[in-house]
Amino acid sequence: MAITTPLFNEIAGLVIDEVTDDVATDFSSLSSDSIIYDSVNKVIFKKDANGIRQNPFQAVASMQVVTSSATVTPNSTNDDGVDITAQAVNLTLAAPSGTPFNGQFLTIDIMDDSTTRTLTYNAIYVVADGVTLPTDTVAGKLLTIYLRFKNSVWMVTGTVNEA
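Bear in mind the structure is a predicted one, so any value in this text is a computation, not a measurement. (Residues numbered from 1 in each chain as written. Predicted model: local features only at pLDDT ≥ 70, side-chain atom pairs only at ≥ 80, totals over all residues. Heavy atoms only, no water.)

(A) Main features of the overall build of the chain. Along the chain, the regular secondary structure elements total zero helices and 14 strands. Shown N-terminal to C-terminal, the secondary structure of the chain runs as helices and strands in the order β-β-β-β-β-β-β-β-β-β-β-β-β-β. Among the 163 residues that make up the chain, the fraction classed as buried is 37%. Considering only residue pairs separated by 6 or more positions, the chain has 40% of its internal contacts joining residues 24 or more positions apart. As displayed, the chain offers around 8,300 Å² of accessible surface, 52% of which is attributable to carbon and sulfur atoms. (Helix = DSSP H or I, 4+ residues; strand = E, 2+ residues; numbered from the N terminus. Buried < 20%, exposed > 50% of the residue type's maximum accessible area, 1.4 Å probe, protein only. Contact = heavy atoms within 4.5 Å. Areas by Shrake-Rupley, 256 points an atom, 1.4 Å probe, with all protein chains shown as cover.)

Quick look at the structure:
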């Protein structure tokens, strides 16, 4: 594997290296918290303390699926989102587990069981200017919450209720 000089010098605090050959990629020589762009296969990898993730900036690659629970703890290491499919009790969103990186996105989809459910949040969820955290679901409508991790908090960048 050939690694060239950084492709971009410091994008949002990340240095991106470029892989320039089409062989089985061995990232063992790279330091943790590396971003690698495979220009042959057009794929991005992120190496961190938890291993290597392909396409770490993909919108939603892996979803944690929960039918219903009084408390849901998103997993920021293994999943890019949570899909709550039939929430039948009031819900508390706990602080995500795992080791998130600055700039990481997380999406939470909440569908209730056609009954309005109260929502509460861990203090790690903070809102961006102009965004309001919903305090309950709309019966029978999908609620999506968009989050971005930065400096030890999950910033709520937007929320959308199904029409």
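There is more to say, and it comes next.
(B) A look at the pairing of strand 6 (residues 63–66). In strand 6, alternate side chains face the same way, and those of Gln64 and Val66 are buried while those of Met63 and Val65 on the opposite face are not. Alignment of strand 6 against strand 8 (residues 81–87), held across four bridges, turns out to be parallel. Looking at the pairing, Val65 lines up with Asp83 of strand 8. (Pairing = 2+ DSSP bridges.)

(C) How the structure looks around the sheet that holds strand 11 (residues 119–121). Pairing is parallel in the open sheet, where three strands are placed in the order 7-9-11. In the strand order of this sheet, the two ends are held by strand 7 (71–72) and strand 11, each with one partner. Two strands pair when backbone bridges link them, and strand 7 and strand 9 (residues 91–93) are joined in this way by two bridges, in the parallel orientation. In the sheet register, Val72 faces strand 9, and the bridge partner there is Leu93.

(D) The arrangement of the sheet that holds strand 13 (residues 143–150) in detail. Pairing in this open sheet of six strands is mixed, and the strands run 6-8-10-13-14-12 from one edge to the other. Sheet topology places strand 6 and strand 12 (125–127) at the edges, where each strand pairs with a single neighbour. For this sheet, the mean inter-axis angle between neighbouring strands, taken without regard to orientation, is 25°. (Axes fitted to C-alpha atoms, helices over the stretch in contact; angles between N-to-C directions.)

(E) Seen up close, the pattern of salt bridges. Taken as a whole and judged by the stated rule, the model has one salt bridge. Two residues, Asp113 and Arg117, come together in a salt bridge whose shortest N-O distance is 2.9 Å. You can call Arg117 buried: its relative accessible area is 14%. (Salt bridge = Lys/Arg side-chain N within 4 Å of Asp/Glu carboxyl O.)

(F) Molecular detail of the packing of aromatic side chains. Under the counting rule described, the total for this entry stands at two aromatic pairs. A centroid spacing of 6.2 Å and a plane angle of 70° characterise the contact between Tyr121 and Tyr125, whose relative ring orientation is edge-to-face. (Phe/Tyr/Trp six-rings, centres within 6.5 Å; stacked < 30°, edge-to-face > 60°.)

(G) Representation of unusual backbone geometry within the structure. The backbone of Asn151 sits at a positive phi, close to 50°, despite the residue not being glycine. Inspection of the secondary structure assignment puts Asn151 in the loop between strand 13 and strand 14 (153–161). A relative accessible area of 54% places Asn151 in the exposed class.

(H) Local environment of the side chain of Thr144. Among the structural elements, Thr144 can be located in strand 13. Look at Thr144 and you get buried, because its relative accessible area is 8%. Once residues lying within four places of it in the same chain are set aside, the contact partners of Thr144 are Thr107, Ile108, Asp109, Gly158, Thr159 and Val160.

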